[in-house]
Amino acid sequence: MAKEIERKFLIVSDEWRRHVSRSVEIQDGILAIHEGRKIRVRLYDGRATLTVKGPKNGITRDEFEYEIPKEDGVAMLRDHRIGEILRKTRFYVPVSYGLWCIDEYHGSLDGLLFAEIELPSADQHFDKPSWVGREITGDKQFTQTNLLLKYCGLQNCIAAE
């Protein structure tokens, strides 16, 4: 079973920009949310993925991601998403112990910046770069679903990501 073990942080400076190895434009759309579960479609790099995420258990959750035909992903985002399509640029910053991903949002969430790192285990030690600030892992106000509720007009949904 696929697991996502991820920690999320605020960013306190633009120092990270000097270390970016590559970036990609991403469009995300939520198809369904229920009791901490989420189904998402993502378009990036000329491809589409369908992702199913289970409820969080600490910083760990089940995650299943499948590549789907791009045309299907476009149709799902257009016709079946809940709320707005999220647009962001994801920047990749490699470090000796892994890869930091910095998401810079556009549109309704313009200006929001978050840093994430995926880890091989929940107790994995890592050093925070100087540009990484307060940890927001598990802080409900920073979940994608709650950001959609607050800023993008996502209605008739329970924020239970």
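None of the values given here were measured: they were computed from a predicted structure.

**Student:** Help me out: how do you make sense of the pairing of strand β5 (residues 60-68) in this one?
**Tutor:** The side chains of a regular strand alternate between the sheet's two faces. Two strands pair when backbone bridges link them, and strand β1 (residues 3-11) and β5 are joined in this way by three bridges, in the antiparallel orientation. Across the sheet, the residue bridging to Lys3 is Asp62, located in β5. Bridge count between strand β4 (residues 47-53) and β5: six bridges; the pairing is antiparallel. In the sheet register, Lys53 faces β5, and the bridge partner there is Glu63. Hairpin connection of β4 to β5: six residues between the antiparallel strands, including Gly58 at a positive phi of 70°.

**Student:** Help me out: how do you make sense of the pattern of salt bridges in this one?
**Tutor:** Applying the stated criterion across every chain, the model contains 18 salt bridges. In this structure, Asp28 and Lys88 form a salt bridge, with 3.4 Å as the shortest nitrogen-oxygen distance. Placement of the pair is Asp28 in strand β2 (residues 22-34) and Lys88 in strand β6 (residues 82-95), with a sequence separation of 60 residues. Here the two residues Asp28 and Lys88 agree in accessibility, since each one is buried. Several salt bridges share partner residues, and in doing so they unite Asp28, Arg40, Arg42, Glu65, Lys88, Arg90, Asp103 and Glu116 into one network.

**Student:** When you look at the layout of surface pockets in this model, what are you seeing that I'm missing?
**Tutor:** Here the largest pocket is characterised by a volume of approximately 600 Å³. If you trace the largest pocket, you find 37 residues lining it, with Glu4, Glu6, Lys53, Arg90 and Glu116 closest to the centre. Classifying every residue of the lining of the largest pocket gives 11 nonpolar, six polar and 20 charged.

**Student:** Looking at this structure, how should I read the nonpolar core?
**Tutor:** Note that soluble globular proteins tend to have their nonpolar side chains buried in a common cluster. If you look at the biggest cluster of nonpolar residues, it comprises 14 residues, and the most contacted ones within it are Trp16, Val93, Trp100, Ile102, Ala115, Phe126 and Trp131. Secondary-structure elements contributing two or more residues to this core are β1, β6, β7 (98-106) and β8 (113-118). Counting residues per element, this core draws most heavily on β1, at three residues. Counting 10 residues, the second-largest nonpolar core is a separate cluster that includes Ile30, Ile33, Tyr105 and Phe142.

Criteria and thresholds
Within each chain, residue numbers correspond to sequence positions counted from 1 in written order. Selection of residues for local features in this predicted model requires a pLDDT of at least 70, selection of side-chain atom pairs for listing and counting requires 80 or more, and totals for whole chains, interfaces and linings are taken over all residues. Based on all heavy atoms of the structure, the side-chain values leave hydrogens and waters out of the count. Strand pairing is assigned whenever DSSP detects at least two bridges linking the two strands. A run of DSSP states H or I qualifies as a helix once it reaches four residues; a run of E qualifies as a strand once it reaches two. Both are numbered from the N-terminal end. For salt bridges, the criterion is a side-chain nitrogen of Lys or Arg within 4 Å of an Asp or Glu carboxyl oxygen. A simple rule labels every residue: compare its accessible area, found with a 1.4 Å probe on the protein chains alone, to the largest value its type can have, and call it buried under 20%, exposed over 50%, or partly exposed in between. Space inside and on the surface of the protein is sampled on a 1 Å grid over the protein atoms alone, with a cavity defined as a set of points where a 1.4 Å probe fits but cannot get out and a pocket as an open set with protein on both sides within 12 Å along at least 5 of 7 lines; lining residues have an atom within 4 Å of a point. Grid points are joined across faces, edges and corners, and a volume is the space filled by probe spheres set on the points. The residue classification treats Ala, Val, Leu, Ile, Met, Phe, Trp, Tyr, Cys and Pro as nonpolar and Asp, Glu, Lys and Arg as charged. All others, Gly included, are polar. Residue types Ala, Val, Leu, Ile, Met, Phe, Trp, Tyr and Cys, when buried and joined through side-chain atoms within 4.5 Å, form a set referred to as a nonpolar core.

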